[in-house]
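# Working through the structure, step by step
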Amino acid sequence: MNAVISTRGLVKRFGRTTALDGLDLEVAAGEVHGFLGPNGAGKSTTIRILLGLARASGGEATLFGRDPWTDAADLHTRVAYVPGDVAIWPNFTGGEAIDLLTRLRGGMADKAAYRERKQRLLEAFQLDPRKKGRAYSKGNRQKVALVAAFATPAELYVLDEPTSGLDPLMEQVFNHEIDRVARDGATVLLSSHILSEVEALCDRVTIIRAGKTVESGTLAQLRHLTRTEIAFVHDPAKEALVTALPDIHDLVIDEGRVRFTVDSDRVSDFLPDLGRLSVQGLTVAPPSLEDLFLRHYGDEVAPVQEEARA
């Protein structure tokens with residue numbers, strides 16, 4: 001795989017705290033790669049190392065095959081970055097901030113093309129570039145960073161919770177821009193808590209926990225870790241046959257409808273059984289990325305839910 005981003009056994013310590021504990025991450029050229037994990041898992045620390053903003057304590061990290069710590073200045077001309085909490089200069093207008101960020105990346109070579117892209121993005125994101133930075137809401141500060149990122153083509157987009165503070169309409173605009181740059185051959189590393197966003201946009205996903213990679217692959221490859229829900233209209237005369245089905249989980253029979261889950265890689269094994277039951281109103285719901293995510297972090301979610309009920 002032609003890797004744009006590669007980390008091997010990446011370690012980062014802050015005093016006695018280990019933020020990254022042997023993280024492996026591989027992002028191929030031209031792919032949109034989802035980067036998932038709960039708060040404190042090490043996502044932002046990994047991104048800071050990849051951008052040359054922090055130095056690794058151990059292991060290896062490369063961007064385009066180069067060291068992001070020693071070659072940061074050159075690499076940044078090829079990278080567009082959007083953090084999850086954007087701060088802009090309070091006395092600059094949004095338009096001035098966008099222009100300055102573009103100049104820092106060396107993106108003013110074709111000024112006419114840049115102005116055209118910038119204007120299109122300002123209209124798409126509904127951003128008034130005349131307002132001062134101090135007057136912008138969180139969502140509008142995110143828009144400034146997004147317009148600056150997309151106004152000049154980049155080889156790699158590193159996006160750390162980029163839609164934080166945006167409304168659903170603007171999230172759709174963001175999705176459109178990701179599709180556009182992906183079609184143009186750019187690589188995207190997308191860290192997000194919006195699982196539907198990752199599911200809609202990403203070719204591959206890496207899930208990290210406590211500074212380590214726990215799973216990595218395409219969504220299809222990772223869905224074997226979750227279960228698919230099967231539901232259909234219940235025939236009371238055949239209830240014994242339903243309860244005798246092998247390897248089903250979470251069986252519920254309620255008001256004439258049966259629901260249960262099966263391991264996703266065994267769904268096809270159940271089709272003959274369902275045919276013999278002459279089921280009606282059959283629905284088969286494949287597992288979502290959220291199901292997959294909770295499979296890994298369910299032991300963290302449960303205590304929070306118990307505490308909330310207490």
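Worth saying up front: this structure is predicted, and the values here are computed from it rather than measured.

### Quick notes on the sheet that holds strand β13 (residues 280–285)
Spatial strand order, β11-β12-β10-β13: four strands in an open sheet with antiparallel pairing. Two strands lie at the open edges of the sheet, namely β11 (249–254) and β13, each paired on one side alone. On average, each strand axis in the sheet is inclined to that of its neighbour by 15°, with strand direction left out of account. Bridge count for strand β10 (residues 227–233) against β13 is four bridges, and the pairing is antiparallel. Looking at β13, one finds that Ala231 is bridged to Thr283. Of the strands in this sheet, β10, β12 (257–263) and β13 are in contact with helix α10 (residues 267–276), which crosses β12 at around 145°.

### Re the side chain of Asp160
With respect to the helices, strands and loops of the structure, Asp160 is situated in strand β6 (residues 156–160). Buried and unpaired, Asp160 has no salt bridge, with Lys43 as the nearest side chain of opposite charge at 6.2 Å. Within the structure, the side chain of Asp160 is placed 2.8 Å from the side chain of Ser44, a separation counted as a polar contact. In terms of polar contacts, Asp160 uses its side chain to reach the side chain of Ser191, at 3.4 Å. Other than its neighbours up to four places away in sequence, Asp160 contacts Ser44, Ile47, Tyr81, Val82, Pro83, Gly84 and Ser191.

### With respect to the layout of surface pockets
Rolling a probe over the atoms, with the probe sized like a water molecule, indicates the empty space that remains. What the largest pocket holds in volume is close to 500 Å³. Only β5 (79–82), α3 (94–104) and α5 (138–151) provide two or more residues apiece to the lining of the largest pocket. Classifying every residue of the lining of the largest pocket by side-chain character gives 15 nonpolar, one polar and one charged.

### Some points on unusual backbone geometry
You will see that Ala210, though not glycine, has its phi angle at about 50°, which is positive. Relative to the assigned elements, Ala210 resides in the loop between β8 (204–209) and β9 (212–218). A relative accessible area of 57% means that Ala210 is categorised as exposed.

### A closer look at the sheet that holds strand β3 (residues 32–36)
Taking strand neighbours across the sheet as the criterion, the six strands line up as β5-β6-β7-β3-β8-β9 in an open arrangement whose pairing is mixed. Strand pairing shows two members of the sheet lacking a second neighbour, β5 and β9, which therefore form its edges. For this sheet, the mean angle separating the axes of adjacent strands, direction not counted, is 15°. With five bridges connecting them, β6 and strand β7 (residues 187–191) associate as parallel partners. Bridge pairing in β7 places Asp160 opposite Ser191. The strands that helix α1 (residues 43–50) touches are β3, β5, β6, β7 and β8; relative to β7, the one it contacts most, it runs at about 145°.

### Focus on the pairing of strand β1 (residues 3–14)
Here β1 runs beside strand β2 (residues 17–28); their pairing, made up of nine bridges, is antiparallel. Following the sheet pairing, Leu10 is matched in β2 by Leu23. Taking the residues between adjacent antiparallel strands as the criterion, β1 and β2 are bridged by two residues, where Gly15 takes a positive phi near 65°. Here β1 runs beside strand β4 (residues 58–63); their pairing, made up of five bridges, is antiparallel. Note that in β4 the partner of Thr7 across the bridge is Ala61.

Parameters at a glance
Residues numbered from 1 in each chain as written. Predicted model: local features only at pLDDT ≥ 70, side-chain atom pairs only at ≥ 80, totals over all residues. Heavy atoms only, no water. Pairing = 2+ DSSP bridges. Helix = DSSP H or I, 4+ residues; strand = E, 2+ residues; numbered from the N terminus. Axes fitted to C-alpha atoms, helices over the stretch in contact; angles between N-to-C directions. Contact = heavy atoms within 4.5 Å. Buried < 20%, exposed > 50% of the residue type's maximum accessible area, 1.4 Å probe, protein only. Lys, Arg positive; Asp, Glu negative; His and termini not counted. Salt bridge = Lys/Arg side-chain N within 4 Å of Asp/Glu carboxyl O. Polar contact = N/O pair within 3.5 Å; in protein donor to acceptor, adjacent residues only side chain to side chain. 1 Å grid on protein atoms, 1.4 Å probe; cavity = no way out; pocket = protein on both sides within 12 Å on 5 of 7 lines; lining within 4 Å. Points joined across faces, edges and corners; volume = space filled by probe spheres on them. Nonpolar A, V, L, I, M, F, W, Y, C, P; charged D, E, K, R; others polar.

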